[in-house]
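# A structural walkthrough
Below, each chain spelled out in residue letters.
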Amino acid sequence: MNGLEAIVYHNGFSMAAVGISIVFTALVALSIIIAQLHKLLLVWDNRKALIQKLRGKRNASEAAKAPEPDVSDFHNIHEEARQFNILIQVMGEPFSLPELIYLAETRGIRHPHATAAHLITKGLVFPDNKGFFLWNHEVYNQLVKGSRH
Amino acid sequence: MSNLFELVNMSGFLYLTPQMLIMWLIAAVLVYLAVAREFEPLLLLPIGFGILLANLPITGLMEPGEGLIWRFYHYGIQWEIIPPLIFLGVGAMTDFGPVLANPKLLFLGAGAQVGVYITFLSAHIFGFNLAESAVIGIIGGADGPTTIYLAAKLAPHMLGSCAVAAYSYMAMVPIVQPPVMRLLTTKKERTIRMKTNRKVGRLEKILFPFLASLMIILLIPAAAPLMAMFMLGNVFRESRVVERLSHAAQNELMNISTIFLGLPVGATMNAEQFLRPDVIFIFVLGLVAFMISTASGVLIAKFMNLFLKEGKKINPLVGAAGVSAVPMAARVVHSMGAKEDKKNYLLMHAMGPNVAGVIGTVMAAGIFLTLIQ
Amino acid sequence: MRQLNAQETDINEIKELGFFRDLLPEEWAEVYALLNHVSTIEGEELIREGDHAHTFFIILRGHFMIHYRDGRALTLNQRGDIIGWSTVISPFQYTANVTSLTEGELLAIPGDRFLELVQGHAALGEKLVKKINETLYHRQSLD
């Protein structure tokens with residue numbers, strides 16, 4: 001038996017239809033899952049901030065009584081520098097730049113890569129010529145002083 | 001004197017047949033393509049040598065139960081060991097980043113499987129049985145190990161010819177695909193620039209092989225051997241804690257597996273099995289399958305563009321990378337795009353459908369196994 | 001005087017990069033045929049240690065970090081800086097990771113084509129490899 005007759009007899013058309021449908025369905029499902037995956041991971045990464053936000057709403061009055069540390073001195077580079085300075089204090093010097101970026105990323109600091117580049121450009125972070133990096137305390141202190149005046 | 005006659009009688013010269021000499025020529029062509037033209041040399045060279053060995057008389061190399069190469073074939077391919085090991089290596093070399101950054105590119109990997117099914121039906125019309133048709137169809141996926149895996153299970157007598165067809169077309173991607181791509185796209189479409197993808201995090205890359213394994217293996221259990229090893233290799237890579245295993249899977253294991261894949265596959269091609277009219281059909285239908293897969297990938301991309309906003313449109317050339325000849329198909333897409341617009345860098349975008357094509361072809365093979373075996 | 005269009009201006013600017021400056025016109029033509037423009041986003045992994053050296057890059061714009069498994073790193077942000085010397089040095093596997101710290105733009109040359117060019121044209125190959133060696137020397141060979 002040859003030709004279309006053979007295909008019909010052996011359910012060839014339905015096999016092809018089922019086959020292509022399953023492949024499409026599986027890949028569509030997979031694409032939906034991975035399209036949502038990074039959003040879920042983002043929520044997971046920022047879970048502490050989210051929980052705080054939720055609690056904050058509930059205890060708005062309590063929060064008012066316990067003010068946030070004063071960060072008004074820091075804008076743009078100042079704020080970035082302050083956050084990275086804290087991380088570097090924890091890590092110690094000299095520090096590994098990729099590790100610093102990784103730490104910043106896991107602590108929910110926005111744009112950790114670009115921030116690191118920005119701090120290097122501004123001279124706040126500089127290489128020790130052995131592959132590690134140092135924090136320029138002098139420049140940082142000037143920055144802090146400058147922002148207070 | 002009688003000893004001399006005995007020696008002559010025991011030599012292979014007396015048993016040579018014209019068909020064997022033709023097979024030597026075929027072996028020489030494959031070796032030439034591998035050495036001089038560098039067409040898939042890692043596979044075509046051992047396959048070519050395997051063909052030569054299989055067509056030497058009274059060697060017993062492919063004697064069931066006894067022959068050396070038969071043992072490689074039996075324990076490596078019939079026992080389904082080597083193709084999954086190759087997939088382990090491929091998984092360790094695969095970066096799913098482009099797919100994760102732009103999941104809609106997965107559709108293009110599915111689109112290219114249309115060719116597999118159209119060719120499956122066409123082969124059946126030409127008189128091949130269902131199992132043989134499935135193996136011929138899967139050539140369109142342009143995935144050598146999957147073709148070998150499926151052929152070994154469904155139509156072992158076609159293993160050699162289908163493997164050679166699959167690897168030949170994989171090698172000829174730069175010749176076969178561009179005319180189809182040019183025919184189906186306008187110059188304007190070929191110059192579409194795709195936006196740079198978002199950054200993909202490490203955790204996302206680690207989770208993907210687990211999620212993909214769960215979903216695909218639960219849906220198509222017959223795809224488990226290849227899919228499981230593919231994703232395991234990728235877990236090695238992305239976890240970054242077993243660099244040694246990842247390196248071994250990508251290099252030593254992959255190289256050893258490639259040797260023990262190519263040689264026995266070539267050795268299955270003896271003159272009686274290969275010099276038959278239906279083998280020509282296999283090559284012609286395989287080529288058709290490959291061209292339809294390329295075309296369907298491009299057309300699916302064009303179809304998706306109907307629903308995508310300006311600035312988010314897909315360059316339809318990228319659809320052609322949905323066949324799973326990794327990374328050759330993606331490179332061809334990139335060079336075609338760059339010919340139209342030198343600043344258009346399509347390589348990373350094309351890698352998305354390219355790896356999706358691998359997943360799609362494995363699923364298609366799994367479905368054939370489920371429905372036909 | 002003829003007004004240069006945007007693409008021609010680009011070509012002339014690129015030609016003046018340190019890496020290409022000493023090339024003869026016919027050598028430049030061969031190299032130019034291989035160049036592709038690539039853009040990167042912040043945090044994008046450009047190169048991964050241990051992978052087959054698939055691409056050679058020349059920085060046009062942006063800030064890039066070359067980093068090693070032991071935590072060492074160096075950053076590059078100069079127009080004309082090169083990344084991916086492993087494309088022309090055996091065993092042709094990257095020896096470090098490279099991440100884009102900011103949005104960036106690079107010229108990319110496919111590794112196999114670059115190797116072919118370097119191996120196939122003695123004079124041109126020597127010039128390019130010399131440039132690569134100079135760069136590596138200045139980086140004080142962190143690897």
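Parameters and conventions
- Residues numbered from 1 in each chain as written.
- Chains lettered and ligands numbered in written order.
- Predicted model: local features only at pLDDT ≥ 70, side-chain atom pairs only at ≥ 80, totals over all residues.
- Heavy atoms only, no water.
- Helix = DSSP H or I, 4+ residues; strand = E, 2+ residues; numbered from the N terminus.
- Buried < 20%, exposed > 50% of the residue type's maximum accessible area, 1.4 Å probe, protein only.
- Contact = heavy atoms within 4.5 Å.
- Areas by Shrake-Rupley, 256 points an atom, 1.4 Å probe, with all protein chains shown as cover.
- Salt bridge = Lys/Arg side-chain N within 4 Å of Asp/Glu carboxyl O.
- Polar contact = N/O pair within 3.5 Å; in protein donor to acceptor, adjacent residues only side chain to side chain.
- Nonpolar A, V, L, I, M, F, W, Y, C, P; charged D, E, K, R; others polar.
- Expected span 1.5 Å × (residues − 1).
- Pairing = 2+ DSSP bridges.
- Axes fitted to C-alpha atoms, helices over the stretch in contact; angles between N-to-C directions.
- Patch = residues over 30% accessible without salt bridge, like charges linked within 9 Å, V, L, I, M, F, W, Y side chains within 5 Å.
- Phe/Tyr/Trp six-rings, centres within 6.5 Å; stacked < 30°, edge-to-face > 60°.
- Lys NZ or Arg CZ within 6 Å of the ring centre and 35° of its normal.
- Buried area = accessible area lost by both parts, 1.4 Å probe.
- Core = buried A, V, L, I, M, F, W, Y, C linked by side-chain atoms within 4.5 Å.
- Left-handed = near helix turned anticlockwise from the far one by under 90°.

### Quick look at the overall build of chain A
If you tally the helices and strands in chain A, you get eight helices and two strands. For chain A, the proportion of its 149 residues judged to be buried stands at 32%. Summarising the internal contacts of chain A: among those between residues at least 6 apart in sequence, 47% fall at separations of at least 24. Carbon and sulfur atoms provide 58% of the accessible area of chain A, an area that totals close to 9500 Å².

### Looking at the interface of chain B and chain C
In this assembly, 18 residues from chain B lie in contact with 24 residues from chain C. Applying the counting rule to chain B against chain C returns five salt bridges. Ionic pairing is found between Asp51(C) and Arg237(B), a salt bridge with its closest N-O pair at 3.1 Å. In this assembly, chain B and chain C are joined by six residue pairs in polar contact (both at pLDDT 80 or more). Sorting the residues of the side of chain B that touches chain C by element identifies helix 15 (224–239), helix 16 (243–250) and helix 20 (328–340) of chain B as the ones contributing at least two each. Looking at the side of chain B that touches chain C residue by residue, the class counts come to two nonpolar, six polar and ten charged.

### Overview of helix 17 (residues 252–267) of chain B
Residue and element names in this part refer to chain B. The end-to-end C-alpha separation of helix 17 is 23 Å, in line with the 22 Å expected for 16 residues at 1.5 Å each. Looking only at helix 17, the buried set comprises Met254, Ser257, Thr258, Leu261, Gly262, Leu263, Pro264, Val265, Gly266 and Ala267. On its buried side, helix 17 packs onto helix 3 (41–54), helix 4 (68–78), helix 5 (82–93), helix 10 (144–154), helix 11 (159–171) and helix 16.

### Quick word on the sheet that holds strand 2 (residues 45–47) of chain C
A sheet is described by the order of its strands in space; here four strands give the open sequence 2-7-4-5 (chain C), paired in antiparallel fashion. Each edge of the open sheet is held by one strand with a lone partner, namely strand 2 and strand 5 (73–76) of chain C. Adjacent strand axes in the sheet meet at a mean angle of 25 degrees when their direction is disregarded. Judged from the four bridges that link them, strand 4 (residues 64–67) of chain C and strand 7 (residues 97–100) of chain C form a sheet pairing that is antiparallel. Bridging from a neighbouring strand, His67(C) pairs with Asn97(C) of strand 7 of chain C. Running at roughly 115 degrees to strand 4 of chain C, helix 6 (residues 97–106) of chain A makes contact with strand 4 and strand 5 of chain C of the sheet.

### Describing a nonpolar patch on the surface
Taken together, the side chains of Leu4(B), Leu7(B), Val8(B), Leu14(B), Tyr15(B) and Ile58(B) make up a nonpolar region of the molecular surface, amounting to roughly 600 Å² of accessible area. Within the secondary structure, Leu4(B) is located in helix 1 (residues 2–10).

### Some remarks on the pairing of strand 3 (residues 55–61) of chain C
Residue and element names in this part refer to chain C. With respect to burial, strand 3 is a largely interior element, six of its seven residues being buried. Pairing of strand 3 with strand 8 (residues 104–110) involves six bridges; the strand directions are antiparallel. Note on strand 8: the bridge partner recorded for Ile59 is Leu106. Inspection of the sheet shows strand 3 paired to strand 6 (residues 82–83) by two bridges, in the antiparallel sense. Looking at strand 6, one finds that Ile58 is bridged to Ile82.

### Points about the packing of aromatic side chains
Residue and element names in this part refer to chain C. The tally for this structure, following the rule as stated, stands at 18 aromatic pairs over all chains. Relative to Phe114, the ring of Phe56 has its centre 4.4 Å away and its plane inclined at 25 degrees; by these criteria the two rings are stacked. Placement of Phe56 in strand 3 and of Phe114 in helix 3 (residues 111–120) is noted, with a sequence separation of 58 residues between them. An identical accessibility class is assigned to Phe56 and Phe114; each is buried. Through successive ring pairs, a cluster of aromatic residues spans Phe19, Phe20, Trp28, Tyr32, Phe56 and Phe114. Over the ring of Tyr68 we find Arg72; its NZ or CZ atom is 4.9 Å from the centre of that ring.

### Section: the interface of chain A and chain B
Listed per partner, the contact involves 29 residues of chain A and 37 residues of chain B. Between chain A and chain B, roughly 2900 Å² of surface is buried when both sides are summed, and carbon and sulfur atoms account for 86% of that area. A per-residue breakdown of the area chain A buries against chain B is headed by Met15(A), Leu27(A) and Ile34(A), which together make up 21% of the total. Seen at the junction of chain A and chain B, the total is zero salt bridges. Here chain A and chain B share two residue pairs in polar contact (both at pLDDT 80 or more) between them. With 21 residues, the single largest contributor to the side of chain A that touches chain B is helix 2 (residues 12–45) of chain A. In terms of residue class, the side of chain A that touches chain B is made up of 20 nonpolar, eight polar and one charged.

### Overview of the sheet that holds strand 1 (residues 36–40) of chain C
Strand order in this open sheet of four strands is 1-8-3-6 (chain C), and the pairing throughout is antiparallel. The open sheet has two free edges, formed respectively by strand 1 and strand 6 of chain C, since each of these has just one partner strand.

### Overview of the pattern of salt bridges
Going through the model one piece at a time under the given rule, you end up with 19 salt bridges over all chains. As a salt-bridge pair, Lys153(B) and Glu80(B) come within 2.8 Å of each other at their nearest N and O atoms. With a gap of 73 residues between them, Lys153(B) in helix 10 and Glu80(B) in the loop between helix 4 and helix 5 connect regions that are remote in the sequence. A cluster of three or more residues bridged by salt bridges with shared partners is formed by Asp95(B), Lys205(B), Arg240(B) and Glu45(C).

### Comments concerning helix 15 of chain B
Residue and element names in this part refer to chain B. With 16 residues, helix 15 should reach 22 Å at 1.5 Å per residue; the first-to-last C-alpha distance of 21 Å fits that figure. Counted residue by residue, helix 15 has twelve buried out of 16 residues, so it is predominantly covered. Along helix 15, the residues classified as buried are Ala224, Leu226, Met227, Phe230, Met231, Gly233, Asn234, Val235, Phe236, Arg237, Glu238 and Ser239.

### Side note on the nonpolar core
Counting 139 residues, the largest nonpolar core has Ile359(B), Phe368(B) and Ile83(C) as its most contacted members. Among all residues touching Ile359(B), those that are not within four sequence positions of it are Leu27(A), Phe96(B), Phe208(B), Ile216(B), Met227(B), Phe230(B) and Met231(B).

### Things to note about the packing of helix 5 of chain B against helix 15 of chain B
Residues and elements named next belong to chain B. Axis separation between helix 5 and helix 15 bottoms out at 6 Å; the angle between their running directions is 35 degrees. Between helix 5 and helix 15 lies a crossing of right-handed hand. Note on element contacts: helix 15 touches helix 5 through Pro225, Leu226, Met229, Phe230, Leu232, Gly233, Asn234, Phe236 and Arg237, opposite Pro83, Pro84, Leu85, Phe87, Leu88, Val90, Gly91, Ala92 and Met93. Looking at the contact of helix 5 with helix 15 residue by residue, the classes come out as 14 nonpolar, three polar and one charged.

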